[in-house]
Every structure is written in structure tokens, then in C-alpha cells.
Amino acid sequence: MSRTVYVNGEYLPEEEAKVSIFDRGFLMADGVYEVTSVLDGKLVDFEGHAKRLERSLGELEMKAPCTTGELLEIHRELVAKNGIEEGMIYLQITRGSPGDRDFVFPDPETTAPTIVLFTQNKPGLADNPVAKQGISVISIEDIRWGRRDIKTVQLLYPSMGKMMAKKAGADDAWLVEDGKVTEGTSNNAYIVKGGKIITRALSNDILHGITRAAVLRFAREAQMEVEERSFSIEEAQGADEAFFTSASAFVMPVVKIDGAEVGTGKPGPVAARLREIYLDESRKTAI
Ligand code: PLP
């Protein structure tokens, strides 16, 4: 069934939505994005995503095409028009189309940013059976650029990482730099040791996950100990549990790393509890 999508101020059937071939998102990956999940027809952590979007735009000196209030309205309108109960909203803003190709940024006074949003309907997202089995990851070298804190659409290497994992018979890849895990291809990585939740500290090396922030807050509120520091693949393989977080997967247990089982080889109690708390709290605060 055709979706209703949003492009530069218009709600259109997906077949009719068009962006210029000169768009800088297409030619230069000069764009940023956000993915907000939908539970019970409501937006999870919209404010967090809107704030990170604002920061990404600011870091790239890109103009916001609309206010946060207008963004909220567009998100809600798309949820309603497409009847989304569970799923995601994808939002992308690029530096727009100056009508030619040039490395130099176009003048923001004459070239408006491009904004696109569309829904992804995923019934059963919260009840994903994969969360009960856990997933396997391989480790690969992190060769991405140095500003991973900006959520840009330069996703070729993460996409290649998923393909490397698939070829190796695994589900995803964890990226390693200087002997330590940075993050997953599209998620933040964690281990649990002696009841303590360990995850890499925030810096330009990783995306500042909105789910990460919420999960760490809930963990601390539930009196769980959290340590923000780097860890190696060997330490992760020897941990009691491992898991990752993202807006679309919530909290997902990792049960195998480079072929070695983590803990019992089954999802552990800490990841299961965090997933439950995260989903409960997200449902309560979704707007
Ligand atoms: N790290 C990377 C590289 C990502 O691409 C993502 C999400 O797409 C995340 C972490 C998780 O961020 P969030 O929880 O905001 O979805």
C-alpha cells in the first residue's frame, strides 16, 4: 500500500514525492537524519531526537527548515495519515539543491534545505521475538570518519558492516578502534559484568544515542550500577551479558561475539529487565 510521505512542505503519495538530482544529500551525503519510534501510535522520546537533530544541523552549519513544534506536527500527521501503531518515522534534512554540483556549500539564503519524512510500519516491533533469543555480532575495524557524534547520512560503511556480518552468518557488527569497541553499525554497545552495566563514554567517537541516554537514566533510577568506559572484544566475550540499544531495536541482547558465546549464550536478566523498563517508560512518556 502506498504511504503518504512528507517532502518540503507537502504531504504526497510516495510515488509522487521527488527530490532534485542536484540535492547535496544525493551528491555529497550532505545531510542529517533521525529515526523516532512509534509505540501505541505515539512518538517515543521526540524531544531527544529533535534536540540531537538541532545539534547535528548546528555542527554542519545547516539551516533548520522548520521549528521543533512544526516537526512534531509533521510527525503526528504522518502517523495519523498512515495509521501507524508501531513502527518508525524517518526524517532527513539535507543542505538542499543549488542546481549544480560544487564542493563549496551553497548560500543558505538562496538554497533552502530539503526535508523528507516517511513512516515505516512495523507491527509487533516491541514484541520482537528476536529479543528473546538474542543476536550474534562480529567485530570489524572502525574506519568511519571522526565526527560520529553527528548523525549524518554517510552510512556506507555501517551498511558494509552489516553485509560483512551477514556473510559471516551473524546478525550485526561491532566496530573496533584502537582495540576497543566504539559502537554497533547502528546502535550503542554495552556489556554487563558482576551486575555493572558498562558502555563507552560519550565523545566524537560515537553517536550519542537517545535510547542510550534513556536506558542509562532508567538503570540508575533502578539502582543499577553504570560505568561509562571503553571495553575490548575479549572483555565483552568474557562478560556476563552483552546488549545494544537503538531507537528501533530498543534494548537487544547480544549472545555471541565473533563466534564465542557471551555468558550462558542466552539473553541475560539485566538486558531483559532494561528492555522491559525501557518499553514501559517509553509507552508512558510517548507523545
Ligand atoms: N550508534 C549509531 C552509529 C547509530 O546509527 C544509532 C542509531 O541509528 C545509534 C548508535 C543509536 O542511537 P539511537 O538510540 O538514538 O537510535
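Above this note sits the structure.
The text that follows walks through the structure, step by step, so that each part is easy to find. (Residues numbered from 1 in each chain as written. Predicted model: local features only at pLDDT ≥ 70, side-chain atom pairs only at ≥ 80, totals over all residues. Heavy atoms only, no water.)

## What about the sheet that holds strand β1 (residues 4-7)?
Short version of the rule: By definition, two strands form a pair when at least two bridges between them are found by DSSP. The helix and strand labels rest on DSSP assignments: H or I over at least four residues marks a helix, E over at least two residues marks a strand, and numbering proceeds from the N terminus. Contacts are assigned to residue pairs with any non-hydrogen atoms lying within 4.5 Å of each other. Lines fitted to the C-alpha atoms define the axes, with helices restricted to the stretch that makes contact. Angles between their N-to-C directions range from 0 to 180 degrees.
What the 6 strands build is an open sheet, ordered β2-β1-β6-β5-β3-β4; its pairing is antiparallel. Because the sheet does not close on itself, it has two edges, and the strands there are β2 (10-13) and β4 (42-43). Across 2 bridges, the pairing between strand β3 (residues 31-39) and β4 is antiparallel. Bridge pairing in β4 links L39 to K42. Across the sheet, helix α2 (residues 46-59) touches β3, β4 and β5 (87-94), and the angle it forms with β3 is around 180 degrees.

## What to know about the environment of P106
When you line up the elements, P106 lands in the loop between β5 and β6 (114-121). P106 sits 10 residues away from G96 along the chain, and the two C-alpha atoms are 8.4 Å apart. Apart from residues no more than four positions distant in its own chain, P106 is found in contact with R24, R95, P98 and T111.

## Section: the layout of surface pockets
Defined as follows: Only protein atoms enter the 1 Å grid used here, on which a cavity is any set of points holding a 1.4 Å probe that cannot leave and a pocket is any open set flanked by protein within 12 Å on both sides along at least five of seven lines; residues with an atom within 4 Å of a point are listed as lining. Grid points are joined across faces, edges and corners, and a volume is the space filled by probe spheres set on the points. All residues other than Ala, Val, Leu, Ile, Met, Phe, Trp, Tyr, Cys, Pro, Asp, Glu, Lys and Arg, Gly among them, are scored as polar; the first ten of these are nonpolar and the last four charged.
Taken as a whole, the largest pocket encloses approximately 1100 Å³ of empty space. Along its surface, the largest pocket is lined by 44 residues, and Y33, K162, T185, S186 and N187 are the ones closest to its centre. Elements with a contribution of two residues or more to the lining of the largest pocket: β3, α2, β5, α5 (156-167), β9 (180-184), α6 (210-221) and β13 (241-246). When residues of the lining of the largest pocket are assigned to their parent elements, the largest contribution, 5 residues, is made by α5. Across the lining of the largest pocket, the residue classes tally to 20 nonpolar, 16 polar and 8 charged. As a volume, the second largest pocket reaches approximately 360 Å³. Around the second largest pocket sit 18 residues that line it, and D45, E47, G48, I210 and R217 are the ones nearest its centre. Those elements that place two or more of their residues in the lining of the second largest pocket are α2, α6 and α8 (269-285). For the lining of the second largest pocket, the class distribution of residues is 9 nonpolar, 3 polar and 6 charged.

## Things to note about α6
Definition in use: What a helix should span is 1.5 Å times the count of its residues minus one. Burial here depends on accessible area, computed with a 1.4 Å probe over protein chains only, as a share of the maximum for the residue type. Under 20% is buried, over 50% is exposed, and the range in between is partly exposed.
The first and last C-alpha atoms of α6 sit 17 Å apart over 12 residues, in line with the 16 Å expected at 1.5 Å per residue. Those residues of α6 not exposed but buried are I210, T211, R212, A214, V215, L216, F218 and A219. The positive-phi residue at the C-terminal boundary of α6 is Q223, with phi of around 65 degrees.

## Focus: unusual backbone geometry
Of note, D40 is a non-glycine position whose phi angle comes to about 50 degrees, a positive value. Along the chain, D40 turns up in the loop between β3 and β4. Residue classification places D40 among the partly exposed residues on the basis of a relative accessible area of 40%. One non-glycine residue with positive phi stands out, namely D178, at about 50 degrees.

## As for the site of the ligand
Heads up, the rule is: Only heavy atoms are used to decide nearness, and a residue is near a molecule or strand if one of them lies within 4 Å of it. Here a polar contact is taken to be a pair of N or O atoms separated by no more than 3.5 Å, where protein atoms must pair a possible hydrogen donor with a possible acceptor and residues adjacent in sequence count only if both atoms sit in side chains. Working definition of accessibility: Shrake-Rupley area with a 1.4 Å probe, residue cover restricted to the visible protein chains. By definition, a pocket or cavity contains a molecule when more than half of the molecule's atoms lie within 2 Å of the pocket's grid points.
Taken together, 17 residues sit near the ligand, with R52, K151, E183, I210 and T211 positioned nearest. A distance of 2.8 Å separates an oxygen atom of the ligand from a polar atom in the side chain of K151. Here A247 contributes a backbone N or O atom positioned 2.8 Å from an oxygen atom of the ligand. Computed on the free molecule, the ligand has an accessible area of 390 Å², of which 92% lies beneath the protein chains in the complex. The pocket occupied by the ligand, as judged from atoms lying within 2 Å of grid points, is the largest pocket. When contributions to the shell around the ligand are tallied by element, the ones reaching two or more residues are β9, α6 and β13. Residue classes in the shell around the ligand are distributed as 4 nonpolar, 9 polar and 4 charged.

## Here we look at a nonpolar patch on the surface
Just so we agree on the cut-off: Nonpolar side chains (Val, Leu, Ile, Met, Phe, Trp, Tyr) within 5 Å and like charges within 9 Å form the patches, drawn only from residues with over 30% relative accessible area and no salt bridge. One side-chain nitrogen of Lys or Arg within 4 Å of one carboxyl oxygen of Asp or Glu is enough to make a salt bridge.
The grouping of I21, F26 and L27 at the surface amounts to a nonpolar patch, some 330 Å² of accessible area in total. With respect to the secondary-structure elements, L27 resides in helix α1 (residues 24-28).

## Let's talk about the nonpolar core
In plain terms, the rule: Definition used in this section: a nonpolar core is a set of buried Ala, Val, Leu, Ile, Met, Phe, Trp, Tyr and Cys residues joined via side-chain atoms within 4.5 Å.
In terms of nonpolar packing, the biggest core is built from 29 residues, with I197, M224, F243, F250, V251, L274 and Y278 touching the most fellow members. Of all the secondary structure elements, the ones that give two or more residues to this core are β3, β5, β10 (188-193), α6, β14 (250-257) and α8. Every residue in contact with L274, bar those within four places of it in the chain, is listed here: I197, V215, A219, M224, F243 and V251.

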